[in-house]
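# Commentary on secondary and tertiary structure
In case you want the letters, here they are:
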Amino acid sequence: MDMMRRWLDLLAGDPQADRAVPPTGFTARLTVLSAFAMAFLAVFALALSLATGRLADRWSSELAKTSTLRISAPVGQVDAQRDAALAVLQTTPGVASARALTDDEQRALLAPWFGPDLPIETLPVPQLIEIIEDDAGFDVAGLRARLQAEVPGAVLDDHTRWRAPLVEAASRLRLLGIVSMILIAGATAAMITLAANAALAANAQVIRVMRLVGAQDIYIARAFIRRFTLRALTGAAAGTLAGTLAILLLPRTDVAGGFLTGLGFQGWHWLWPLIIPILAAVVAFAATRHAALRTLKEQS
Amino acid sequence: MDMMRRWLDLLAGDPQADRAVPPTGFTARLTVLSAFAMAFLAVFALALSLATGRLADRWSSELAKTSTLRISAPVGQVDAQRDAALAVLQTTPGVASARALTDDEQRALLAPWFGPDLPIETLPVPQLIEIIEDDAGFDVAGLRARLQAEVPGAVLDDHTRWRAPLVEAASRLRLLGIVSMILIAGATAAMITLAANAALAANAQVIRVMRLVGAQDIYIARAFIRRFTLRALTGAAAGTLAGTLAILLLPRTDVAGGFLTGLGFQGWHWLWPLIIPILAAVVAFAATRHAALRTLKEQS
Amino acid sequence: MIELDNVAYSYGGAELFSALNLSLAPGSFHFLTGPSGAGKTTLLKLCYGELTATAGQVRLFGADARAMDRNAVAHIRRRIGVVHQDCQFLDHLSVAENIALPLTVSGRTAQPTDVTDLLGWVGLTRQAAQTPPELSGGERQRAALARAVIMSPDVILADEPTGNVDAEMSQRLMALLLELNKMGKTILIATHDLSLIRTAKAQVSARVLRLKDRKLQLAGADL
Amino acid sequence: MIELDNVAYSYGGAELFSALNLSLAPGSFHFLTGPSGAGKTTLLKLCYGELTATAGQVRLFGADARAMDRNAVAHIRRRIGVVHQDCQFLDHLSVAENIALPLTVSGRTAQPTDVTDLLGWVGLTRQAAQTPPELSGGERQRAALARAVIMSPDVILADEPTGNVDAEMSQRLMALLLELNKMGKTILIATHDLSLIRTAKAQVSARVLRLKDRKLQLAGADL
Ligand SMILES: Nc1ncnc2c1ncn2[C@@H]1O[C@H](COP(=O)(O)OP(=O)(O)OP(=O)(O)O)[C@@H](O)[C@H]1O
Ligand SMILES: Nc1ncnc2c1ncn2[C@@H]1O[C@H](COP(=O)(O)OP(=O)(O)OP(=O)(O)O)[C@@H](O)[C@H]1O
Ligand SMILES: [Mg+2]
Ligand SMILES: [Mg+2]
């Protein structure tokens, strides 16, 4: 509430106090530019972070939780072996569900290699069964042993070879996104603080005169705080807008194994970038306030 | 030569002139920080740019120039049809080379779907023939017609469906990398110019006094130029180092369809980042020189 | 209004003065002289709370200066008009705006007539719209004096207010200060200009203090 | 050394003065007086090339000031010592370094004895290591004078060099300037201080110019 009132107070502003502090020309433009550039980059880092987040989720859930059973058998026996395998799987603890892929699914999987019109019915292509584990997972060696006895043509491929590096890569990528965000936020805060300090240092004379004629510290500080907050807000808003537009213009890369599918925002994630200018304004407010009150204290 | 001498002159510096211009405190730190942050990001953009460059090359050469011929035939006829197809291809204008994939290669291609130990010899798996086009490319419809007559089991898959979006995506990604680099360089130049201008504006009094006692413009300018160049160089060098280390620490993502294989630098590409601090110093030199001489002219 | 009790001050090194006593009664008129570097400006700064005495007590309007926080000092300053020796202005504002600045920062709106009258008094009507760096030395001093009196403060402390103006103008500024003194304002002027003191003494019962050799003394009849 | 021929100047508005003639012969001693705002400082600025006349010709050491580029002006400044009215210093350097600044920027190394002697003359030995903002008003003026003369320039232009110092010190500074005049230096002092002019005239054949109502005239015997 109090914070709220202070903010509104600030944004309403005091045109007189604003006049008293001279326009800070280059420092002003520097602040707006920094806020713009940093917001622009932040949008990308945010998008990367969200995309890798999604990717890591997908990879760890899809890959870590699924295994494939492959049944190679003479044409006539495939159906029987498939049913036997499904029966085995249904009684295996740790298996959440198991289901045979349809011909269409198998054809889609094979299309890159054999073309879309593969006569799959006439070929002795192995039947694939997708196994989804539950959280606990199943005993791979035990399952292999049971299958060997009951479904001789079945080979269990539990993706273990792939799983570990993929999940690790995904989580490290997500970490990278988060670290970039923190770096950008930190760099922005540092830049705005330094710009505010530079403006204050350049205005030592103004502060001296204002003091001489009886101005209170908060009166002087407010003019600076207001300016830098508005500048950071403006710059960051423009940068966010530009960054978001750039993301929109990015190629929809559904290619390359779906790696980049999601570098755009999806659904309500579009609201995330709105946080950037607000955060920039809050950071600028706090940084300038701190810098101003400290400088005023030092110069007393 | 002249430029060279001027540079050396500058870096040797004049301690007296340096003393005459007061330490610019916050502006100094702001410059170093900006240079650092921008160099750090530039390393990433550079890496992205090089990686997408490599990727685009690979995609456009591998995908755009190859087609696949798939021969599905009863087991006994495969060899004969393969030879007939190869004979047709050898006489087709626009085909640079054509060769049948070995069993091992086909097994490797199919491993993700059927497991590594697929008994490919015993299965009526189609025989694949890789066709590499020359730059002109061949007449797809014409080839199809000839093949239909001479090799009834052959299906030509010329990857056209895939080619266009992939190549487009790759080139747009490369563009993205280059645009980021330009953006970062531009933002850095703007930041350093603004910081130099802010420092000069804050030192109007110093310039006035120096003038009063008979200092020449270049004497005054040099102190500023030297400082900002060294600052940009220092900041950018540190930022480049940090960025390169971060790249080294990146997960080696050989996963996900090889999309990110190359986000590190490869071979002599490791020399590229060295350009960043040099470029930053040059930009700072030019920006400060311009800003200083312009300010000095205006204030005369 | 302002009382200094056994006050000493040093800028870190040797003491500039010590055991100094001064009391500015309401409506009194004082001159402060002394050689360059004696500490006149320092003494004035103690009187408006810019410096804090290293020993002794300074009371401003009855309150102990040492116990004041910065907001209290800001409020005290609104009751004390100061002419700084190196006149300090906001260089981006016009002369008129600079003169009205004490009103602005205390949240009052400047009456245009007040400012106009005052500009006429100090002879800056023509220069009202110029900025301070566009003024001559003497004009700046006059603007500083105008700014010091615009709030109609209880006390006026002027540090060498006529160092850069000609004799005629300095008599005119003196007349303004004498007028204000007649209205009951307390006035303290630090100056080297003995002729200024002489003319003033002819019109008001001014006390002349001399700061020399670390001591403050009443000047004799030698003026 | 410095000649003004039919010179006029205006800051954009009305002309400050016009058809003004002045010639500073080598070794001459001039005073410049006139009411505050008459244009004394402006006239001095024309003489050291900070301003360019709006009409007429200014010749500095025989060269036309209008034709000089900024480097030429910089070199001229090394032959002209200037005491600015609002003494301008580099606030981050010590007083001694500020006084030696003209030597520094012209690439010469300051002789420590020169600086020390000069500091003694103007009574700033004790303050040599302080920075300019830590000086009193009069001390700053003395430092400005010391800086003006350290290069042993051919011409010394001093704008109100004694506005903030006591009578005793101003006599002493005057003695320094008279000494330099005897060594053949050309000197022009703008001042309001008539007593200063009177004492000087007793010792040297100084000419007193009065700038008033847009004209420059030789002052009569009324001084
Ligand atoms: N901030 C400071 N740090 C150190 N010494 C200072 C500082 N300010 C003033 N002094 C010294 O204190 C002494 C008194 O200074 P002050 O300004 O009070 O003198 P003053 O009487 O006003 O002289 P003037 O008539 O020349 O204005 C001077 O010798 C000066 O060098
Ligand atoms: N940069 C400027 N722009 C506009 N007007 C100016 C500028 N500088 C000075 N003036 C005006 O020109 C007039 C003469 O100024 P100048 O400083 O030459 O006077 P001066 O004779 O030195 O006065 P003083 O004795 O008060 O120092 C003044 O009225 C002043 O307001
Ligand atoms: Mg003083
Ligand atoms: Mg003047």
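Just so we're clear, the structure is a prediction, and the values are computed from it rather than from any experiment.

### Observations concerning the overall build of chain C
Along chain C, the regular secondary structure elements total 8 helices and 10 strands. For 223 residues, the compact-globule estimate of 2.2 N^0.38 gives 17 Å, and the C-alpha radius of gyration of chain C, at 17 Å, lies within 12% of that figure. The C-alpha extent of chain C, read off along each of the three principal axes, is 45 × 40 × 35 Å. The buried share of chain C, reckoned over its 223 residues, is 58%.

### Considering helix α2 (residues 70-77) of chain C
Within α2 of chain C, the full set of buried residues consists of Val73, Ala74, Ile76 and Arg77 of chain C. Each buried residue of α2 of chain C sits inside an arc of 160° when the element is viewed along its axis, so together they form one side. Looking at the buried side of α2 of chain C, the elements it contacts are α8 (204-212) of chain A together with β4 (55-60) and β6 (80-83) of chain C.

### Remarks on the coordination of the magnesium ion (ligand 3)
All names here are of chain C. The protein atoms that coordinate the magnesium ion (ligand 3) are Thr41 (OG1) and Gln85 (OE1), at distances spanning 1.9 to 2.2 Å. You can see Thr41 sitting in helix α1 (residues 40-47) and its partner Gln85 sitting in the loop between β6 and α3 (95-99), a full 44 residues away along the chain. Both residues of the pair, Thr41 and Gln85, count as buried.

### Some details on the pairing of strand β2 (residues 15-24) of chain D
Residue and element names in this part refer to chain D. By the bridge criterion, 6 bridges tie strand β1 (residues 2-10) to β2 in an arrangement that is antiparallel. Bridge assignment links Ser10 to a residue of β2, and that residue is Glu15. With antiparallel pairing between neighbouring strands as the criterion, β1 and β2 make up a hairpin whose turn holds 4 residues, including Gly12 at a positive phi of roughly 100°.

### Some details on the sheet that holds β4 of chain C
Read across the open sheet, the 4 strands follow the order β2-β1-β4-β5 (chain C); overall the sheet is antiparallel. The open sheet terminates on both sides in strands that have one partner only, identified here as β2 (15-24) and β5 (63-64) of chain C.

### Observations regarding the environment of Gln148 of chain B
Here Gln148 of chain B is to be found in helix α6 (residues 140-150). Through-space distance from the C-alpha of Gln148 of chain B to that of Val206 of chain B is 87 Å; in sequence the pair is 58 residues apart.

### A word on the site of ligand 2
Close contacts around ligand 2 come from 20 residues, with Ser136, Gly138 and Glu139 of chain C together with Thr41 and Thr42 of chain D the closest. Nearby residues place ligand 2 at the junction of chains C and D. The separation between an oxygen atom of ligand 2 and a polar main-chain atom of Lys40 of chain D is 2.6 Å. His192 of chain D places a polar side-chain atom, nitrogen or oxygen, 3.0 Å from an oxygen atom of ligand 2. Against a free-state accessible area of 640 Å², the protein chains account for coverage of 90% of ligand 2. Mapped by element, the contributors of at least two residues to the shell around ligand 2 are α6 (137-149) of chain C together with α1 (40-47) of chain D.

### Thoughts on the interface of chain D and chain B
Counting residues at the interface gives 21 residues for chain D, matched by 22 residues for chain B. Together chain D and chain B conceal approximately 1900 Å² of surface at their shared face, both sides included; 58% is due to carbon and sulfur atoms. Across the chain D-chain B interface, the total number found is 1 salt bridge. The partner of Arg70 of chain D in a salt bridge is Asp217 of chain B, with the nearest N and O atoms 2.6 Å apart. Taken together, chain D and chain B are joined by 4 residue pairs in polar contact (both at pLDDT 80 or more). Among the secondary structure elements, those contributing two or more residues to the side of chain D that touches chain B are α2 (70-77) and α4 (101-105) of chain D.

### Re the sheet that holds strand β4 (residues 55-60) of chain D
Strand pairing in a sheet takes place through backbone hydrogen bonds and is either antiparallel or parallel in direction. Residue and element names in this part refer to chain D. As summarised here, the arrangement of the 4 strands in space is β2-β1-β4-β5, forming an open sheet in which the pairing is antiparallel. Both edges of this open sheet fall to β2 and β5 (63-64), since each of them pairs with a single strand only. In the packing of α1 onto the sheet, the strands contacted are β1, β2 and β4, and the crossing angle to β1 comes to about 130°.

### Describing the site of ligand 1
Residues in close proximity to ligand 1 total 20 residues, the closest being Thr41 and Thr42 of chain C together with Ser136, Gly138 and Glu139 of chain D. Near ligand 1, the surrounding residues belong to chains C and D. Contacts to ligand 1 include Thr41 of chain C, whose side-chain N or O atom sits 2.6 Å from an oxygen atom. At a separation of 2.4 Å, an oxygen atom of ligand 1 approaches a polar side-chain atom of Thr42 of chain C. Out of a free accessible area of 640 Å², ligand 1 has 90% covered by protein chains. Contributing elements (two or more residues each) for the shell around ligand 1: α1 of chain C together with α6 (137-149) of chain D. Looking at side-chain class alone, the shell around ligand 1 contains 3 nonpolar, 13 polar and 4 charged residues.

### Let's talk about the packing of aromatic side chains
Within this structure, the stated rule accounts for 6 aromatic pairs over all chains. Relative to Phe31 of chain D, the ring of Phe29 of chain D lies with its centre 5.4 Å away and its plane at 40°, an arrangement referred to as tilted. Between the NZ or CZ atom of Arg231 of chain A and the centre of the ring of Phe228 of chain A, over which it lies, the distance is 4.7 Å. It is Arg79 of chain C that lies over the ring of Phe61 of chain C; its NZ or CZ is 4.0 Å from the centre.

### A closer look at the side chain of Asp159 of chain C
Residue and element names in this part refer to chain C. With respect to the element layout, Asp159 can be found in strand β7 (residues 155-159). It turns out Asp159 is buried and unbridged, and the closest side chain with the opposite charge, Lys40, is 6.7 Å from it. In terms of polar contacts, Asp159 uses its side chain to reach the side chain of Thr41, at 2.8 Å. The residues touching Asp159, leaving out its near neighbours within four places in the chain, are Thr41, Leu44, Val83, His84, Gln85 and Ala190.

Cut-offs and rules
All residue numbers refer to positions counted from 1 along the written sequence of the respective chain. Chain letters start at A and ligand numbers start at 1, both assigned in the order the entries are written. Owing to the predicted nature of the model, reporting of local features is limited to residues with pLDDT of at least 70; listing and counting of side-chain atom pairs is limited to 80 or more, with chain, interface and lining totals taken over all residues. Working from all heavy atoms in the structure, the side-chain values ignore hydrogens and water. By the criteria applied, helices consist of DSSP H or I runs no shorter than four residues and strands consist of E runs no shorter than two, each listed in order from the N terminus. We compute the radius of gyration from the C-alpha atoms alone; for a globule the expected value is 2.2 Å times N to the 0.38, where N is the number of residues. Each residue's exposure class comes from its accessible area (1.4 Å probe, protein chains only) as a fraction of the maximum for that residue type: buried when under 20%, exposed when over 50%, partly exposed otherwise. This arc is built from the directions going out from the helix axis to the C-beta atoms. The criterion used for residue contact is that any of the two residues' heavy atoms lie within 4.5 Å. Any N, O or S atom lying within 2.8 Å of the metal counts as a donor, and for Na, K and Ca the limit rises to 3.2 Å; water is left out, so some sites can look incomplete. Note on pairing: two strands pair once DSSP finds at least 2 bridges between them. What makes a residue near a molecule or strand is one non-hydrogen atom of that residue sitting within 4 Å of it. Under the rule applied, a polar contact is a pair of N or O atoms within 3.5 Å (in protein, one hydrogen donor and one hydrogen acceptor; residues adjacent in sequence only if both atoms are side-chain atoms). The Shrake-Rupley method, run with a 1.4 Å probe, gives the accessible areas here. Residue values count only the displayed protein chains as cover. In this description, buried area is defined as the sum, over both parts, of the accessible area (probe of 1.4 Å) that is lost when the two are combined. Salt bridge, as used here: a side-chain nitrogen of Lys or Arg that lies within 4 Å of a carboxyl oxygen of Asp or Glu. Think of each axis as a best-fit line through the C-alpha atoms, taken over the contacting stretch in the case of a helix, with angles from 0 to 180 degrees between the N-to-C directions. Residues were grouped as follows: Ala, Val, Leu, Ile, Met, Phe, Trp, Tyr, Cys and Pro as nonpolar; Asp, Glu, Lys and Arg as charged; and all remaining residues, including Gly, as polar. Classification of ring pairs rests on two measures: the distance between centres of Phe, Tyr or Trp rings, Trp counted by its six-membered ring, which must be within 6.5 Å, and the angle between planes, read as stacked under 30 degrees, edge-to-face over 60 and tilted in between. The rule is short: NZ of Lys or CZ of Arg within 6 Å of the ring centre and within 35 degrees of the ring normal puts a charge over the ring. Positive residues here are Lys and Arg, negative ones are Asp and Glu, while His and the chain termini are left out of the count.

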